[in-house]
Amino acid sequence: MSVSERKDVVTKFKLCFNCLNFGHQVESCYYPGCPRCKKKHNSRLHVDSSHMSEPKSSTQTETQTTSQDNAVCHAMTSNKHAPSTTSTVMLATAVINVHDADGRPQRCRAILDSGSQLNFITSSCAQRLRLKKTNVSLSISGVGTMSSSTVRLMPCTVSSHCQNYQSSIEFHSLPTITERLPHQMFSMDQLNIPDDVKGNLADPQLNVPATVDILFGAELFYDIFLGARKQLSKHISVHNTKLGWILVGKLFEKSLVKSKITMLSTPVSTNSALSLFTSTTNAQFIEEAQAEKHFSSTVKRDESGRFVVKLPVNDKITFLGDSRPMAERRFYNLERRLSKDEKLAEQYNMFISEYLALNHMELANPTCTGPKYYLPHHPVFKANSTTTKLRVVFDGSANTKSGIALNDVLLKGPKVQSDIFHILL
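Every chain is numbered on its own, with residues counted from 1 as its sequence reads. Confidence filtering applies because this is a predicted model: local features only for residues at pLDDT of at least 70, side-chain atom pairs given and counted only at 80 or more, and all residues used for totals across whole chains, interfaces and linings. Excluded from the side-chain calculation are hydrogens and water; included are all heavy atoms of the structure.

*Asks:* Please explain the overall build of the protein as it appears in this structure.
*Replies:* Scanning the protein from N- to C-terminus turns up nine helices and 20 strands. Only protein chains enter the calculation, and the probe is 1.4 Å; a residue is then buried if its accessible area is under 20% of its type maximum, exposed if over 50%, and partly exposed in between. The burial tally for the protein puts 36% of its 425 residues in the buried class. Surface exposure of the protein reaches about 26000 Å², of which carbon and sulfur atoms provide 53%. Secondary structure elements follow DSSP: runs of H or I no shorter than four residues count as helices, runs of E no shorter than two count as strands, and numbering proceeds from the N terminus. For the area figures, the Shrake-Rupley method with a 1.4 Å probe applies, and any residue is considered shielded solely by the protein chains shown.

*Asks:* What am I meant to see in helix α7 (residues 324-339) here?
*Replies:* Given 3.6 residues per turn, any residue in an α-helix points the same way as the ones three and four places further on. One fewer than the residue count of a helix, multiplied by 1.5 Å, yields its expected span. End to end, α7 covers 22 Å across 16 residues, agreeing with the expected 22 Å (1.5 Å per residue, within 8%). Along α7, the residues classified as buried are M326, A327, L334 and L338. Down the axis of α7, the buried set is contained in an arc of 105 degrees. They therefore lie on one face. Facing away from the buried surface of α7 by more than 90 degrees, the exposed residues are R329 and S339. Two residues form a contact once any of their heavy atoms are found within 4.5 Å. Against α8 (342-357) and β19 (377-381) lie the buried residues of α7. Of all possible arcs, the one meant is that of the directions from the helix axis to the C-beta atoms.

*Asks:* Can you walk me through the nonpolar core in this structure?
*Replies:* Each nonpolar core is a collection of buried residues, namely Ala, Val, Leu, Ile, Met, Phe, Trp, Tyr and Cys, held together in the definition by side-chain atoms within 4.5 Å. Grouped together as the largest cluster of nonpolar side chains are 26 residues, with contacts concentrated most on I96, I121, F171, I214 and F216. Put simply, the parts of the chain that give this core at least two residues each are β3 (93-99), β4 (105-112), α3 (123-129), β8 (156-160), β11 (214-216) and α5 (218-221). Once you skip the residues sitting within four places of it in the chain, F171 turns out to touch N119, F120, I121, V151, R152, L153, C156, V158, I214 and F216. In this structure, M188, V197, L206 and L247 belong to the second largest nonpolar core, which totals 14 residues.

*Asks:* Please clarify how the packing of aromatic side chains should be interpreted in this entry.
*Replies:* Describing an aromatic ring pair means giving the distance of the ring centres and the angle of the ring planes. Any two of the Phe, Tyr and Trp rings considered here, Trp counted by its six-membered ring, make a pair once their centres fall within 6.5 Å; the pair's planes then place it as stacked at under 30 degrees, edge-to-face at over 60, or tilted in between. All chains considered together, the criterion is met by five aromatic pairs. Plain terms: the ring middles of F221 and Y222 are 5.0 Å apart, the flat faces sit at 75 degrees to each other, and that makes the pair edge-to-face. With relative accessibility at 15%, the residue F221 sits in the buried group. According to the relative accessible area criterion, Y222 is exposed, its value standing at 57%.

*Asks:* Is there a simple way to think about the side chain of S323 in this case?
*Replies:* On the secondary structure map, S323 appears in the loop between β18 (307-308) and α7. Pairing of N or O atoms within 3.5 Å defines a polar contact, subject to two protein rules: one partner must be a possible hydrogen donor and the other a possible acceptor, and residues neighboring in sequence count only if both atoms are side-chain atoms. Reaching out from S323, the side chain makes a polar contact with the backbone nitrogen of Y374 at a distance of 2.8 Å.

*Asks:* What is the right way to look at the pattern of salt bridges in this model?
*Replies:* Oppositely charged side chains can form a pair if their charged atoms are brought close together. Criterion for a salt bridge: a side-chain nitrogen of Lys or Arg within 4 Å of a carboxyl oxygen of Asp or Glu. Enumeration over the complete set of coordinates arrives at nine salt bridges. The salt bridge partner of K230 is D196, with a shortest N-O separation of 2.9 Å. Of this pair, K230 sits in strand β12 (residues 225-231) while D196 is found in helix α4 (residues 195-198), placing the two residues 34 residues apart along the sequence. Classification of K230 by relative accessible area gives partly exposed; the value is 30%. Taking the relative accessible area as the measure of exposure, D196 reaches 46% and is therefore partly exposed. The residue R330 makes a salt bridge to D395 at a minimum N-O spacing of 3.1 Å.

*Asks:* Could you clarify how one ought to interpret the state of the cysteines in this entry?
*Replies:* A covalent bond between the sulfur atoms of two cysteines is referred to as a disulfide. Any two cysteine sulfur atoms within 2.5 Å of one another count as a disulfide. Taken as a whole and assessed by the stated rule, the structure comprises zero disulfides. With no disulfide of its own, C34 has C37 as its nearest cysteine by sulfur position, at a separation of 3.9 Å. The exposure class assigned to C34 is buried, which follows from its relative accessible area of 1%. Note on C108: no disulfide assigned, nearest cysteine sulfur contributed by C125 at a separation of 3.6 Å. Residue classification places C108 among the buried positions, given a relative accessible area of 3%.

*Asks:* Explain the pairing of β4 to me, please; I cannot follow it from the model alone.
*Replies:* Sheet faces and side chains relate simply in a regular strand, where the side chains alternate between the two faces. Pairing between strands requires that DSSP locate at least two bridges from one strand to the other. Where β3 meets β4, seven bridges bridge the pair, whose relative direction is antiparallel. Its bridge partner being in β4, I96 is matched across the sheet by C108. Turn length for the β3-β4 hairpin, with the two strands adjacent in sequence and antiparallel, is five residues, and the turn residue G103 shows positive phi of about 85 degrees. As judged from the three bridges shared by β4 and β11, these two strands associate in the parallel manner. The residue of β11 that forms the bridge with I111 is L215.

*Asks:* Teacher, can you tell me more about the environment of S137 here?
*Replies:* Inspection of the secondary structure puts S137 in strand β6 (residues 133-142). Residues S137 and K316, spaced 179 residues apart in sequence, show a C-alpha to C-alpha distance of 8.6 Å. Excluding anything up to four places from it in sequence, S137 contacts T150, V151 and D315.

*Asks:* I keep staring at α8 and nothing clicks. Help me out?
*Replies:* The end-to-end C-alpha separation of α8 is 22 Å, in line with the 22 Å expected for 16 residues at 1.5 Å each. Among the residues making up α8, those that are buried are L344, Y348 and I352. Each buried residue of α8 sits inside an arc of 65 degrees when the element is viewed along its axis, so together they form one side. Relative to its buried face, α8 has exposed residues pointing more than 90 degrees away, namely E342, K343, E346, M350 and A357. Next to the buried residues of α8 lie α7, β19 and β20 (390-394). At the N-terminal end of α8, a side-chain oxygen is found 3.3 Å from the backbone nitrogen of K343, two or three residues along, and the residue is D341. Where α8 terminates, the next one or two residues include N359, which has phi positive at roughly 60 degrees.

*Asks:* It is not clear to me how the pairing of strand β5 (residues 119-122) should be interpreted in this structure. Could you clarify?
*Replies:* Of the two faces of β5, both are covered, the one formed by N119 and I121 as well as the one formed by F120 and T122. Direction of pairing for β5 relative to strand β10 (residues 171-174): parallel, over a ladder of four bridges. Within the sheet, the bridge partner assigned to I121 lies in β10 and is S173. Direction of pairing for β5 relative to β11: antiparallel, over a ladder of two bridges. Counted as the bridge partner of F120 is L215 from β11.

Bear in mind that shape data such as this cannot, by itself, settle questions of function.
Laid out in structure tokens, this is it:
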């Protein structure tokens with residue numbers, strides 16, 4: 001996604017141009033500005049003045065290939081007049097043991113990414129390990145408003161193959177994390193890795209292209225670093241971690257005219273986990289869009305002309321617990337209150353009778369299957385009101401035995417009223 005397209009997205013969703021968050025504008029943002037030009041905008045929205053004035057070289061072309069199976073963008077850069085030396089950024093990888101459903105450790109290959117708030121595992125690897133799924137799914141988003149959905153798995157144990165380290169990790173499954181890394185084999189001799197480090201590499205075959213099964217996010221990323229660092233060259237260094245030594249930096253390859261590059265600007269149609277983050281703002285937009293889509297697809301009018309729409313439930317509906325004991329307890333408290341106030345009881349009875357006559361409610365069938373919720377209600381009485389002195393409140397926030405309420409399992413749609421600021425203006 002180009003800078004201009006990113007700016008269009010920020011403008012469309014009314015985000016702050018500086019921190020990319022929702023709810024304020026750049027004038028009132030207290031986050032620091034762009035580290036490149038020190039102006040008040042995000043570094044992802046920065047445009048170099050040289051890039052604005054200089055046209056693109058006709059000898060340099062870029063093509064992107066996107067599909068549901070490929071996880072990241074690919075760019076093939078070719079320049080006849082360019083030097084024969086090209087560079088590739090090495091991403092930190094590690095070989096780890098993941099305990100399967102029987103408790104047996106199995107070797108998997110992981111990539112470390114501090115830009116992800118979650119830990120991911122490929123669906124094929126999770127199936128091979130027979131990891132159990134939960135009923136929780138999550139919408140995730142990343143760079144360039146890339147979005148996808150993932151399923152949370154039950155926690156499992158991971159351990160190092162060369163260090164005394166073990167931890168319980170909660171993974172989310174995705175169809176793909178990234179393609180085989182590195183993109184091409186290279187010689188380990190050019191790295192000049194010390195013998196004490198070479199014997200404890202987190203990924204002993206980091207120079208051989210191989211499948212990536214797991215992505216460790218920021219939660220584990222900073223926990224495993226031990227602090228020791230060795231500079232192998234100007235651009236390459238190794239860092240000691242609880243998983244072993246990891247290698248990062250820029251690797252230069254000679255006699256290559258074309259170079260394959262992994263970029264973070266992944267299209268929306270792909271399922272890459274690289275630099276994915278759970279953003280409150282983006283999650284809000286996703287949920288609002290789902291609510292609108294649900295309303296449009298289910299709203300209808302019955303024979304009497306009334307509008308009918310299904311409840312927009314989310315993925316937490318399966319966690320809705322038993323609500324009947326709570327509703328009965330609230331109802332008995334209501335009866336005790338009404339028994340002490342005849343006038344309030346009379347008005348309350350009139351309201352419930354009217355509700356029944358208008359078919360706003362009906363007698364519940366206690367034998368119905370599937371998730372159900374008994375909605376508690378109580379009166380709010382205002383003696384000084386000139387219109388309706390009694391108002392009945394239905395409490396959808398009352399928790400069930402699982403701690404989940406009706407409101408928790410419903411999608412939250414967008415605001416339909418205008419902001420008070422725009423109304424006043």
